[in-house]
Amino acid sequence: MSPQPTPANMHTQDILTFAATHYPGFEFLLHFGSTAHGAPRKHSDVDLLLVFPGAIHPFRETRRWHGQLFDSWLYDIETLNGLIHAGRTGRNHVMLDIV
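Just so it is clear, the model here is predicted, and its values are computed rather than measured. (Residues numbered from 1 in each chain as written. Predicted model: local features only at pLDDT ≥ 70, side-chain atom pairs only at ≥ 80, totals over all residues. Heavy atoms only, no water.)

Structural notes on the overall build of the chain
When you go through the chain residue by residue, the secondary structure sums to 3 helices and 4 strands. Ordered by position in the sequence, the α and β elements of the chain form the string α-β-β-β-β-α-α. Taking all 99 residues of the chain together, 35% fall into the buried category. In the chain, once contacts between residues fewer than 6 apart in sequence are set aside, the share between residues at least 24 apart is 48%. Working note: accessible area of the chain is about 6,200 Å², and carbon and sulfur atoms make up 56% of it. (Helix = DSSP H or I, 4+ residues; strand = E, 2+ residues; numbered from the N terminus. Buried < 20%, exposed > 50% of the residue type's maximum accessible area, 1.4 Å probe, protein only. Contact = heavy atoms within 4.5 Å. Areas by Shrake-Rupley, 256 points an atom, 1.4 Å probe, with all protein chains shown as cover.)

Concerning the nonpolar core
In a soluble, globular protein the nonpolar side chains are often hidden away together inside. Core analysis: the biggest nonpolar cluster contains 12 residues, these being Ile15, Phe18, Ala19, Tyr23, Leu29, Val46, Leu48, Leu50, Phe52, Trp65, Phe70 and Leu74. For this core, the secondary-structure elements that each account for two or more residues are helix H1 (12-22), strand S2 (46-52) and strand S4 (68-76). Considering every element that reaches this core, the biggest residue donor is S2, with 4 residues. Apart from the residues within four sequence positions on either side, Leu29 is in contact with Ile15, Ala19, Leu48, Leu49 and Leu50. One finds Leu49, Trp73, Leu80 and Leu83 within the second-largest nonpolar core, a separate group that totals 8 residues. (Core = buried A, V, L, I, M, F, W, Y, C linked by side-chain atoms within 4.5 Å.)

Focus: the sheet that holds strand S3 (residues 59-65)
Taken in spatial order, the 4 strands of this open sheet run S1-S2-S4-S3, and their pairing is mixed. Sheet topology places strand S1 (28-32) and S3 at the edges, where each strand pairs with a single neighbour. For this sheet, the mean angle separating the axes of adjacent strands, direction not counted, is 25°. Alignment of S3 against S4, held across 7 bridges, turns out to be antiparallel. Across the sheet, Thr62 pairs through a bridge with Asp71, a residue of S4. Here H1 sits on the sheet in contact with S1, S2, S3 and S4, set at roughly 115° to S3. (Pairing = 2+ DSSP bridges. Axes fitted to C-alpha atoms, helices over the stretch in contact; angles between N-to-C directions.)

Structural notes on the packing of aromatic side chains
Summed over the entire model, instances satisfying the criterion amount to 4 aromatic pairs. Their ring planes at 10° and their centres at 3.8 Å tell us that Phe18 and Phe70 sit as a pair that is stacked. You can see Phe18 sitting in helix H1 and its partner Phe70 sitting in strand S4, a full 52 residues away along the chain. Like Phe18, the residue Phe70 is buried in the burial classification. Taken together, the aromatic side chains of Phe18, Tyr23, Trp65 and Phe70 make up a single cluster linked through ring pairs. (Phe/Tyr/Trp six-rings, centres within 6.5 Å; stacked < 30°, edge-to-face > 60°.)

The structure is reproduced here in structure tokens:
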């Protein structure tokens, strides 16, 4: 039996499996935050931005999968494009920093 994924041993395939299982149909996935930068702490979650080709109601949720917390932000391309534009014009720096 393989060990459960933790922030320290999380692999790309683990992340893709989680995303495909819980959010089928995404077109693009961005792994960001401390786990993406190789600097997770003991209780770090895995931060994901998932983009869908068709219109969806954007949302954010946290799920536990195999003992690991995943914080997922889901957007369609048009809404994400609007948020990036808002970040460039000074109204939403957080999303611009993520992307």
